[in-house]
Amino acid sequence: DTLFQLVDAHLFASLVELKDYGEHEVLDLKTYEEIYRQVRECVDLCHRDGVIKDEVARDPDKYLVKDDGLLPMLKGFREDGVKVFLLTNSYWEYTSTAMNYLYHEELMDMEVQKKNEWLELFDLVVVGSCKPAYLTDPYLNLFRVVPEDGSLKNTDGLFEIEALGENGAAKFLEMGKTFQGGNWNHLQAMLDIEAGEEILYVGDHLYADVLRSKRALGWRSCFIMPELPEEMRIFEGQMELRKSIMELRQLRDELSLYADSLRREMQSASFSESRHMEKMIEQIEEDDLKVKDKLSEAHREYHSSFHPRWGQMFVAGYQDSRFGYFVKNYACLYTSKATNLGLASTSRAFRTSGELLPHDNLLMDELSTFVDADVE
């Protein structure tokens, strides 16, 4: 359901194949559940111990994608008085290297990096946040980060902000706006926010970012889905085929309705008329099977145009996929990259699209007719 799971899925599938078809005693002694759990633990360890991020920091040009819209967007937000925060599970050393690279658009020497000029783009920066626990555990402690060397200092968190009196949040941030750890209570207090709905949280992990922040805290959420442009491109290119599929589905519905009407008529028809209607129903059923075969062939072609095995990301068969369900129900907005938000003014209001239930969609169909059984 998320790009982060590709590594887990690939490793698990490879180990299952080795267990099923290879001669590996160490795998024979493990259950599939144990294998998956250990894969999960190893991947988590790779994210924590620096094996992955140290390599990215050494050669950011190879791994980090530059976006010309990033700096203009963040500067525009600041100019318009929008409070901007950075919340990441990465620790200070990696965050500083990556953000310096994106800010200067090249890997800078240590002297320049220590200046951390990119901090001017943010009101608040939180590293080592331990999401999703950051969004659910109110007892996580908050530490200050010294930007020059990455060292940590204790804080009294909410008590310290409250003790500073009027404009306590602003005074607290004047002492430094880089932190490690803490929880959502600290973030909302430092931003001087009363309700979660005042926050638009932008993230690329459906569960750790979007689902938890929306369901637990009521934050507005924006889900980043890099695959979206390709999904939309294929959808547009296959619209004629999709139209044909929907027409075939409607044809099957019409055949079923016609067969039902014949069955009702048979109840009051003569013997000869009933025999004739039976033959008509048999013919309808034969035609329906032919249409069904044609429909299955068309749907396979449509499905494989998105991906030969998995098909569309948002749809499974004719319904929302699990991924599509969570995006639809928990992401207030979703887009292919965060900088798309810079294309809209900060005063722009985003509204939900109107949704219809199946009976409403039926009435919207030009070929459907509403018959009110209660009206004589």
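Preceding this paragraph is the structure being described.
Caption draft 1: Structural detail: the overall build of the protein chain. Counting secondary structure elements, the protein chain contains 17 helices and 10 strands. Its C-alpha atoms give the protein chain principal-axis dimensions of roughly 95 × 65 × 40 Å. When each of the 376 residues of the protein chain is scored for burial, the buried share is 35%. Considering only contacts within the protein chain whose residues lie at least 6 apart along the sequence, 64% involve residues at least 24 apart. For the protein chain, the accessible area works out to roughly 24500 Å², and carbon and sulfur atoms hold 52% of it. Across the protein chain, 42 positive and 70 negative side-chain charges occur, with their mean positions spaced 1 Å apart.

Caption draft 2: Highlighting a negative patch on the surface. On the surface, D192, E194, E197 and E198 cluster together into a patch of negative charge. By the secondary structure assignment, D192 is in the loop between α11 (184–190) and β6 (200–203). Under the relative-accessibility criterion, D192 is labelled exposed at 54%.

Caption draft 3: Seen up close, the pattern of salt bridges. Within the structure shown, the criterion is met by 13 salt bridges. Residues R275 and E278 are paired through a salt bridge, measuring 3.2 Å at the closest nitrogen-oxygen approach. Residue R275 and its partner E278 are located together in helix α15 (residues 271–306), separated by 3 residues, close to a single helical turn. R275 sits in the partly exposed class, given a relative accessible area of 43%. We classify E278 as partly exposed; its relative accessible area is 32%. Shared partners join several salt bridges into a network, and the residues in it are D8, R40 and D44.

Caption draft 4: Region of the structure containing the layout of surface pockets. Within this model, the second largest pocket holds a volume of roughly 240 Å³. Around the second largest pocket sit I161, N167, G168, A169, A170, N185, Q188, A189, D192, I193 and E194, which together line it. Only α10 (168–174) and α11 provide two or more residues apiece to the lining of the second largest pocket. Looking at side-chain class alone, the lining of the second largest pocket contains 5 nonpolar, 4 polar and 2 charged residues.

Caption draft 5: Spotlight on unusual backbone geometry. The residue after K131, namely P132, is reached through a cis peptide bond having omega 5°. With respect to the helices, strands and loops of the structure, P132 is situated in the loop between β2 (124–127) and β3 (142–145). Phi is positive for N167, which is not a glycine, with a value near 55°. Checked against the element boundaries, N167 lands in the loop between α9 (157–163) and α10. Despite not being glycine, D192 shows a phi value in the positive range, around 60°.

Caption draft 6: Looking closely at the sheet that holds β2. Taken in spatial order, the 5 strands line up as β1-β2-β5-β3-β4 in an open sheet, and their pairing is mixed. In the strand order of this sheet, the two ends are held by β1 (85–87) and β4 (152–154), each with one partner. With direction set aside, neighbouring strand axes in the sheet form an average angle of 30°. As defined by bridge partners, β1 adjoins β2 across 3 bridges and the pair is classed as parallel. Residue L86 lies in a different strand from β2, and its bridge partner there is V125.

About the cut-offs
- Residues numbered from 1 in each chain as written.
- Predicted model: local features only at pLDDT ≥ 70, side-chain atom pairs only at ≥ 80, totals over all residues.
- Heavy atoms only, no water.
- Helix = DSSP H or I, 4+ residues; strand = E, 2+ residues; numbered from the N terminus.
- Buried < 20%, exposed > 50% of the residue type's maximum accessible area, 1.4 Å probe, protein only.
- Contact = heavy atoms within 4.5 Å.
- Areas by Shrake-Rupley, 256 points an atom, 1.4 Å probe, with all protein chains shown as cover.
- Lys, Arg positive; Asp, Glu negative; His and termini not counted.
- Charge placed at Lys NZ, Arg CZ, Asp CG, Glu CD.
- Patch = residues over 30% accessible without salt bridge, like charges linked within 9 Å, V, L, I, M, F, W, Y side chains within 5 Å.
- Salt bridge = Lys/Arg side-chain N within 4 Å of Asp/Glu carboxyl O.
- 1 Å grid on protein atoms, 1.4 Å probe; cavity = no way out; pocket = protein on both sides within 12 Å on 5 of 7 lines; lining within 4 Å.
- Points joined across faces, edges and corners; volume = space filled by probe spheres on them.
- Nonpolar A, V, L, I, M, F, W, Y, C, P; charged D, E, K, R; others polar.
- Pairing = 2+ DSSP bridges.
- Axes fitted to C-alpha atoms, helices over the stretch in contact; angles between N-to-C directions.

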